[in-house]
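# Observations on the model geometry
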Amino acid sequence: MSDVRLPALAELEKKVLWLASWTIHNANHLRDNDDGLKVGGHQASSASLATILTALYFAVLKPEDRVAVKPHAGPAFHAIQYLLGRQSREKLINFRGYKGAQSYPSRTKDGEMVDFSTGSVGLGVAQTLFASLVQDYVQAHGWAKDRATGRMIALIGDAEMDEGNIFEALLEGWKQGVENLWWIIDYNRQSLDAIAREGLISRLEALFRAFGWEVVVLKYGTLLQSAFAEPGGEKLRAWIDACPNSLYSSLLFQGGAAWRKRLNDELGDQGPVSALIAKRNDDELAKLMSDLGGHDMPTVLDAFESRANDKRPTVFIAYTVKGFGLPLQGHKDNHAGLMTETQMAAFRAANGVREGHEWDKFEGAGLPEEQIEDFLKQVPFAQDPKRKLNAPIVPIPEVLPQPKTESLMSTQQGFGLILAEIARSGEAFADRIVTTSPDVTVSTNLGGWVNRRKLFARQQSKDTFRAEKIPSTYVWDFAPEGQHMELGIAEMNLFILLSALGLSHQLFGTRLLPVGTLYDPFIARGLDALNYACYQDSRFLLVATPSGITLSGEGGAHQSIGTPLIGMAQDGLAAFEPAFVDELSVMMRFAFDYMQRSGDAEPDARSWLRDATGGSVYLRLSTRPLEQPRRAMTPERSQAIVDGAYWLRAPGPNAEAIIAYSGAVAPEAIAAIGRLAEDRKDIGLLAVTSADRLNAGWTAAQRARESGLAHATSHIERLLAPLPRHCGIVTVLDGHPATLGWLGAVLGHHTRSLGVEHFGQTGSLAELYRHYGIDSDGIVAAVEAIAPGRPVRHLRSL
Ligand SMILES: Cc1ncc(C[n+]2csc(CCOP(=O)(O)OP(=O)(O)O)c2C)c(N)n1
Ligand SMILES: [Mg+2]
């Protein structure tokens with residue numbers, strides 16, 4: 001019996017293809033400086049997925065499902081949202097324009113219709129896998145009980161499968177027993193530059209099967225299948241199966257006459273199969289040969305519906321045609337192809353669209369408008385338009401539970417102790433913390449937390465070493481109530497999991513407070529995924545430790561240099577570098593609060609600090625034990641730590657120099673101050689806790705003044721205001737000197753910036769600090785050079 005949905009779906013598919021093509025064509029004409037190469041990619045890729053997207057959104061998806069659409073299918077996605085009444089005509093007209101519909105679907109810019117942003121290929125794919133694990137986590141903890149379990153779905157370009165992060169995620173998903181996940185590969189055998197290598201599909205099939213996935217291949221549509229059943233059909237199938245990808249693509253581009261010639265050359269005079277070809281005219285033959293599984297609605301629906309009631313992860317490999325139904329279909333250069341005016345006119349005519357009626361939703365439809373409207377009203381996906389959920393704020397105590405600290409401690413140690421204390425405290429917010437780490441749980445001091453709060457797994461399992469009564473400091477019990485998600489060593493996975501955890505309130509209606517740890521230098525390994533997480537406005541605390549050449553014995557490969565600059569430059573991420581554990585506690589408290597603030601408001605142009613909008617936080621920590629100050633944490637100091645700096649020693653009125661330091665080099669800066677005190681007047685010591693926020697506030701205040709708010713003043717401007725004009729500034733940190741180098745520009749003080757510019761090496765701490773000139777001798781020498789005066793008595797000859 002034929003499917004009653006098919007007539008409406010056929011009309012909608014036609015509209016999706018038309019609207020997507022028109023959106024692109026129109027945008028390209030609106031903006032003469034647009035990059036035709038990229039816009040073209042949208043056209044062909046959207047056509048390639050038009051059938052599958054139509055089937056998903058208008059028949060298969062449920063409101064609780066979440067989807068990552070491959071970047072270049074953006075226009076087809078927008079067309080669907082438009083047909084569903086969730087995207088405006090103005091935004092489509094303004095596609096790729098200022099505040100128009102985004103080239104690549106974006107959660108933050110397009111709004112709640114987009115579940116996962118895409119753009120950097122591969123990341124959206126992995127995000128669906130980790131989002132599914134987060135959904136499991138939320139359910140296992142008994143939250144969001146009234147929410148139906150959704151399926152996480154990624155639409156993937158076949159060339160996108162070259163991205164390694166997908167395979168890292170696949171492996172992790174297998175370990176964690178991922179469920180409710182569909183990956184749909186748009187197997188159009190074309191990338192941006194090339195045609196897919198022969199045999200790719202069998203490799204992919206074998207790979208997914210090896211990881212326990214169900215594999216569904218959509219190769220032939222209904223037309224081809226019935227042709228195969230005709231006399232000679234088997235020969236045609238054998239020919240297609242043996243046909244190289246590039247030849248098939250080129251014939252798809254050339255059309256019916258070329259198909260006939262080629263097929264006759266290779267299958268002519270062979271009895272029934274030749275007759276099978278001969279009885280079709282050129283158009284029929286072209287239609288038959290392009291009837292691949294991914295463009296045949298009944299095949300697509302069958303495939304999806306056959307997997308509807310099974311939780312096992314499934315990959316659908318759908319044979320498609322890049323540019324399907326457009327004059328550029330199949331051409332290897334079509335990623336850069338745009339339809340010409342003439343081609344567009346023909347396409348318009350074929351779609352029955354009158355000039356001036358291009359945006360009319362049902363223009364040219366072969367069914368009465370009301371019938372399509374009625375169909376749209378009852379599609380399962382349309383039943384609940386709310387996609388961006390919310391969850392109440394989890395209150396954070398004014399002061400985090402304080403661990404017993406020793407006089408000598410590192411920030412990394414302090415981090416572990418604070419978290420362990422939070423675990424012990426029984427405070428309600430502790431239950432919402434979820435930690436994760438790519439195989440560096442113990443070495444980033446998360447062990448104490450894990451001992452108390454266990455590892456997460458859907459199934460309970462005891463630590464074998466404990467069961468065997470073998471002494472060990474760490475208890476690795478897995479439980480559904482566990483609060484640590486242990487990952488294999490793949491920093492990409494860490495950031496993508498953090499990205500999914502940090503969107504849990506919006507995706508699953510449950511607020512989580514995610515904390516991820518890794519070694520600071522390996523931020524670079526997952527940097528694009530970190531950027532992607534921030535771009536989606538995901539919320540988490542990233543704790544990167546150890547860092548810098550302070551990790552002296554480890555050598556260049558393990559010592560980070562540029563990460564403080566990453567912290568400053570990364571939008572959506574507030575970066576801190578504490579020296580002392582009491583500062584760290586203030587920063588962590590701030591982070592748990594800041595990550596929950598609403599992201600709806602535009603950043604405040606006056607303060608620029610996105611304090612009202614919130615964001616994620618990055619803490620750069622160290623394993624170097626430092627003498628801890630004995631002091632009370634006043635609200636003023638606490639605020640200054642959050643704002644980015646405070647005077648550890650206030651400069652006098654005639655200060656000749658100040659030293660501004662960040663992080664683990666505090667003892668060197670303090671020692672230098674001690675040695676300089678007698679020979680330089682009124683010297684001050686500035687503790688910079690966040691170069692990032694300090695700099696952002698300064699930039700914002702300048703911008704505010706330029707726009708007429710004459711009294712706008714930033715934290716750093718207030719701090720430096722008392723310094724005399726001739727006062728020199730020496731900055732120092734275990735990281736790139738540019739991090740603090742800008743301080744001199746704030747009020748025009750002569751500045752010398754110390755730090756690390758070249759790969760580190762092994763050695764003792766003293767040797768390395770000396771080598772890079774960030775020891776107290778180096779600091780004193782810099783002060784002497786910048787604030788000339790009588791020789792500093794304690795300065796050894798260098
Ligand atoms: C990380 C990353 N590298 C490069 C690109 C540029 N790029 C966009 S799409 C694409 C390949 C497209 O091929 P495929 O995934 O098969 O999709 P199709 O074009 O067939 O629709 C490339 C290289 C990108 N968007 N992201
Ligand atoms: Mg492709």
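Read on for a plain summary of the structure. Since this is a predicted model, take the numbers as computed values, not measurements. (Residues numbered from 1 in each chain as written. Chains lettered and ligands numbered in written order. Predicted model: local features only at pLDDT ≥ 70, side-chain atom pairs only at ≥ 80, totals over all residues. Heavy atoms only, no water.)

## Side note on the overall build of the chain
Scanning the chain for helices and strands turns up 33 helices and 20 strands. Here the chain has a C-alpha radius of gyration of 31 Å; the compact-globule value for 798 residues is 28 Å, and the two agree. In the chain, which comprises 798 residues, the proportion classed as buried is 59%. Summarising the internal contacts of the chain: among those between residues at least 6 apart in sequence, 77% fall at separations of at least 24. Accessible area for the chain stands at about 30900 Å²; split by element, carbon and sulfur atoms hold 53% of it. If the 80 positive side-chain charges of the chain are averaged to one point and the 93 negative ones to another, these points end up 3 Å apart. (Helix = DSSP H or I, 4+ residues; strand = E, 2+ residues; numbered from the N terminus. Rg over C-alpha atoms; globule rule 2.2 N^0.38 Å. Buried < 20%, exposed > 50% of the residue type's maximum accessible area, 1.4 Å probe, protein only. Contact = heavy atoms within 4.5 Å. Areas by Shrake-Rupley, 256 points an atom, 1.4 Å probe, with all protein chains shown as cover. Lys, Arg positive; Asp, Glu negative; His and termini not counted. Charge placed at Lys NZ, Arg CZ, Asp CG, Glu CD.)

## Digging into the sheet that holds strand β20 (residues 751–754)
The mixed open sheet is built from five strands, whose spatial order is β16-β18-β17-β19-β20. This sheet does not close on itself; its edge strands, each paired only once, are β16 (645–649) and β20. Averaged over all adjacent pairs, the angle separating strand axes in this sheet is 20 degrees, with direction ignored. In the sheet, strand β17 (residues 657–662) pairs with strand β19 (residues 728–733) via six bridges, with the strands oriented parallel. Within the sheet, the bridge partner assigned to Ala-657 lies in β19 and is Gly-728. Against the sheet, helix α33 (residues 776–786) makes contact with β17, β19 and β20, and its axis sits at roughly 160 degrees relative to β19, the strand it touches most. (Pairing = 2+ DSSP bridges. Axes fitted to C-alpha atoms, helices over the stretch in contact; angles between N-to-C directions.)

## Comments concerning the coordination of the magnesium ion (ligand 2)
In the first shell of the magnesium ion (ligand 2), the protein supplies Asp-158 (OD), Asn-188 (OD1) and Gln-190 (O), at 1.9 to 2.2 Å from the metal. When the donor residues of the magnesium ion (ligand 2) are listed from N- to C-terminus, their spacing reads D-x29-N-x1-Q. You can see Asp-158 sitting in the loop between β2 (152–157) and α7 (164–176) and its partner Asn-188 sitting in the loop between β3 (181–187) and α8 (200–210), a full 30 residues away along the chain. Here Asp-158 and Asn-188 have matching classes, each one buried. (Donors = N, O, S within 2.8 Å, 3.2 Å for Na, K, Ca; no water.)

## Quick word on the packing of aromatic side chains
Aromatic ring pairs are described here by two measures, namely the spacing of the ring centres and the angle between the planes. All chains considered together, the criterion is met by 22 aromatic pairs. Judged by centre distance (4.8 Å) and plane angle (50 degrees), the ring pair of Trp-183 and Trp-213 falls under tilted. Residue Trp-183 is found in strand β3, and its partner Trp-213 is found in the loop between α8 and β4 (214–218); the two are separated by 30 residues along the sequence. The pair Trp-183 / Trp-213 is uniform in exposure class, with both members buried. One aromatic cluster is present, formed by Trp-18, Trp-22 and Phe-347 through successive ring pairs. Just above the ring of Tyr-82 sits the side chain of Lys-361; from NZ or CZ to the centre is 5.1 Å. Positioned above the aromatic ring of Tyr-594, the side-chain terminus of Arg-693 is 6.0 Å from the ring centre. (Phe/Tyr/Trp six-rings, centres within 6.5 Å; stacked < 30°, edge-to-face > 60°. Lys NZ or Arg CZ within 6 Å of the ring centre and 35° of its normal.)

## Side note on the site of ligand 1
Taken together, 17 residues are adjacent to ligand 1, and Ser-45, Lys-70, Asp-158, Asn-188 and Lys-322 come closest. Between ligand 1 and the protein, one listed contact pairs an oxygen atom with a side-chain N or O atom of Ser-45 at 2.7 Å. Between ligand 1 and Asp-158, the relevant distance is 2.6 Å, taken from an oxygen atom to a side-chain nitrogen or oxygen of the residue. Within the complex, the protein chains bury 75% of what would otherwise be the 580 Å² of accessible surface of ligand 1. When the residues that make up the shell around ligand 1 are grouped by side-chain class, the tally is three nonpolar, nine polar and five charged. (Near = heavy atom within 4 Å. Polar contact = N/O pair within 3.5 Å; in protein donor to acceptor, adjacent residues only side chain to side chain. Nonpolar A, V, L, I, M, F, W, Y, C, P; charged D, E, K, R; others polar.)

## Regarding the side chain of Arg-189
Relative to the elements of secondary structure, Arg-189 occurs in the loop between β3 and α8. Salt bridges are absent for the buried Arg-189, whose nearest opposite-charge side chain, Asp-158, sits at 5.7 Å. Only 2.7 Å separates the side chain of Arg-189 from the backbone oxygen of Thr-320, close enough to count as a polar contact. Among residues more than four places away in sequence, those in contact with Arg-189 are Asp-158, Ala-194, Ile-195, Ala-196, Asn-245, Tyr-248, Leu-292, Tyr-319 and Thr-320. (Salt bridge = Lys/Arg side-chain N within 4 Å of Asp/Glu carboxyl O.)

## Considerations on the packing of helix α6 (residues 123–140) against α7
Viewed as axis vectors pointing N to C, α6 and α7 meet at an angle of 15 degrees, and their least axial separation amounts to 9 Å. On the basis of their axis angle, the class for α6 and α7 is roughly parallel. The crossing of α6 and α7 is left-handed. Across the interface between the two elements, Leu-123, Val-125, Ala-126, Leu-129, Phe-130 and Leu-133 of α6 pack against Asn-165, Ile-166, Ala-169, Leu-170, Glu-172, Gly-173 and Gln-176 of α7. Class assignment for the residues of the contact of α6 with α7 results in nine nonpolar, three polar and one charged. (Parallel < 35°, antiparallel > 145°, perpendicular 65-115°, else oblique. Left-handed = near helix turned anticlockwise from the far one by under 90°.)

## Points about the pairing of strand β18 (residues 684–688)
Of all five residues making up β18, five are buried, and the element is well covered by its neighbours. Burial of β18 is two-sided: the residues Gly-684, Leu-686 and Val-688 facing one way and the residues Leu-685 and Ala-687 facing the other way are all buried. Where β16 lies against β18, four bridges are found, and the strand directions are antiparallel. From the neighbouring strand, Trp-647 faces β18, where its bridge partner is Leu-686. Bridge count between β17 and β18: four bridges; the pairing is parallel.

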